[in-house]
Amino acid sequence: KARLDRFVAASRAAGATVVLTTIVRPASPPLWRRLVWSDRVFDLVDDVNRHIRGLAGSDARDSGVKVLDADRLLAGGSSSLPAHYATDTLHLSGAAHDVLSQELRKIAAAGKE
């Protein structure tokens, strides 16, 4: 989180508008991976994502930071990434990339106004 803060501060000092994406939570791991898996990853993702969302502040235009909330777009309120957006535990499907690309286009278009 501290590195993100430094990145945002340096980028803003250079006059850039910053676009950050939240971390997409993993899909449920297969049984064989459960042996080395920790569900703590979901709490860590939630913690960092709260921080990322907070960097935009209450008004992204004033803060110069915009957030593409990839986790909310893809997982919604689910505890893990839905299967149709995952190719495996950690990688996104083409459908997920399509959703994120569409949202990024909206953010880019809003920045041109």
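As a reminder, the structure under discussion sits directly above these lines.
Residues numbered from 1 in each chain as written. Predicted model: local features only at pLDDT ≥ 70, side-chain atom pairs only at ≥ 80, totals over all residues. Heavy atoms only, no water.

(A) Up close: the overall build of the protein. Along the protein, the regular secondary structure elements total five helices and two strands. Along the protein, helices (α) and strands (β) appear in the sequence α-β-α-α-β-α-α when read from the amino end. With the C-alpha coordinates of the protein rotated into their principal frame, the extents come out at 50 × 30 × 20 Å. Put simply, the protein has 113 residues, and 31% of those count as buried. The contacts in the protein between residues at least 6 apart in sequence include a share of 64% that link residues at least 24 apart. (Helix = DSSP H or I, 4+ residues; strand = E, 2+ residues; numbered from the N terminus. Buried < 20%, exposed > 50% of the residue type's maximum accessible area, 1.4 Å probe, protein only. Contact = heavy atoms within 4.5 Å.)

(B) Summary view of the environment of proline 82. One can find proline 82 in the loop between helix H4 (70–75) and helix H5 (94–111). For proline 82, a relative accessible area of 19% corresponds to the buried category. Spatially, the C-alpha atoms of proline 82 and proline 26 are 8.9 Å apart, while their sequence positions differ by 56 residues. When near neighbours in sequence (up to four residues on either side) are disregarded, proline 82 contacts Leu74 and Ala75.

(C) Representation of the pattern of salt bridges within the structure. The final tally for this structure, using the stated rule, is eight salt bridges. Its salt-bridge partner being aspartate 71, residue arginine 25 comes within 2.8 Å of it at the nearest N-O pair. With arginine 25 in the loop between strand E1 (18–21) and helix H2 (40–55) and aspartate 71 in helix H4, this residue pair connects regions lying 46 residues apart in the sequence. Accessibility classification places arginine 25 together with aspartate 71 in one group, the buried group. Among the salt bridges present, the one from arginine 34 reaches aspartate 39, with a minimum N-O distance of 3.1 Å. Relative accessible area serves as the criterion here: at 40%, arginine 34 is assigned to the partly exposed category. When its relative accessible area of 41% is taken as the criterion, aspartate 39 is described as partly exposed. Each of Lys1, Asp47 and Arg50 takes part in one network of salt bridges that share partners. (Salt bridge = Lys/Arg side-chain N within 4 Å of Asp/Glu carboxyl O.)

(D) Fine view of the nonpolar core. Among the nonpolar cores identified, the biggest contains ten residues, and these are Ala27, Leu68, Ala70, Leu74, Leu81, Tyr85, Ala86, Ala96, Leu100 and Ile107. Listing elements by their share of this core, those giving two or more residues are H4 and H5. Broken down by element, the residue count for this core peaks at three residues, all from H5. Each residue touching leucine 100, except ones within four places of it in the same chain, is listed here: Leu68, Ala70, Leu73, Leu74 and Leu92. (Core = buried A, V, L, I, M, F, W, Y, C linked by side-chain atoms within 4.5 Å.)

(E) Quick look at the packing of helix H1 (residues 2–13) against H2. Where H1 meets H2, the closest approach of the two axes is 11 Å, and the angle between their N-to-C directions is 20 degrees. The orientation of H1 with respect to H2, classified from their angle, is roughly parallel. Crossing of H1 against H2: the hand is right-handed. Contact residues: H1 offers Leu4, Asp5 and Val8, while H2 offers Val48, His51, Ile52 and Leu55. Along the lines of polarity and charge, the residues of the contact of H1 with H2 split into five nonpolar, one polar and one charged. (Axes fitted to C-alpha atoms, helices over the stretch in contact; angles between N-to-C directions. Parallel < 35°, antiparallel > 145°, perpendicular 65-115°, else oblique. Left-handed = near helix turned anticlockwise from the far one by under 90°. Nonpolar A, V, L, I, M, F, W, Y, C, P; charged D, E, K, R; others polar.)

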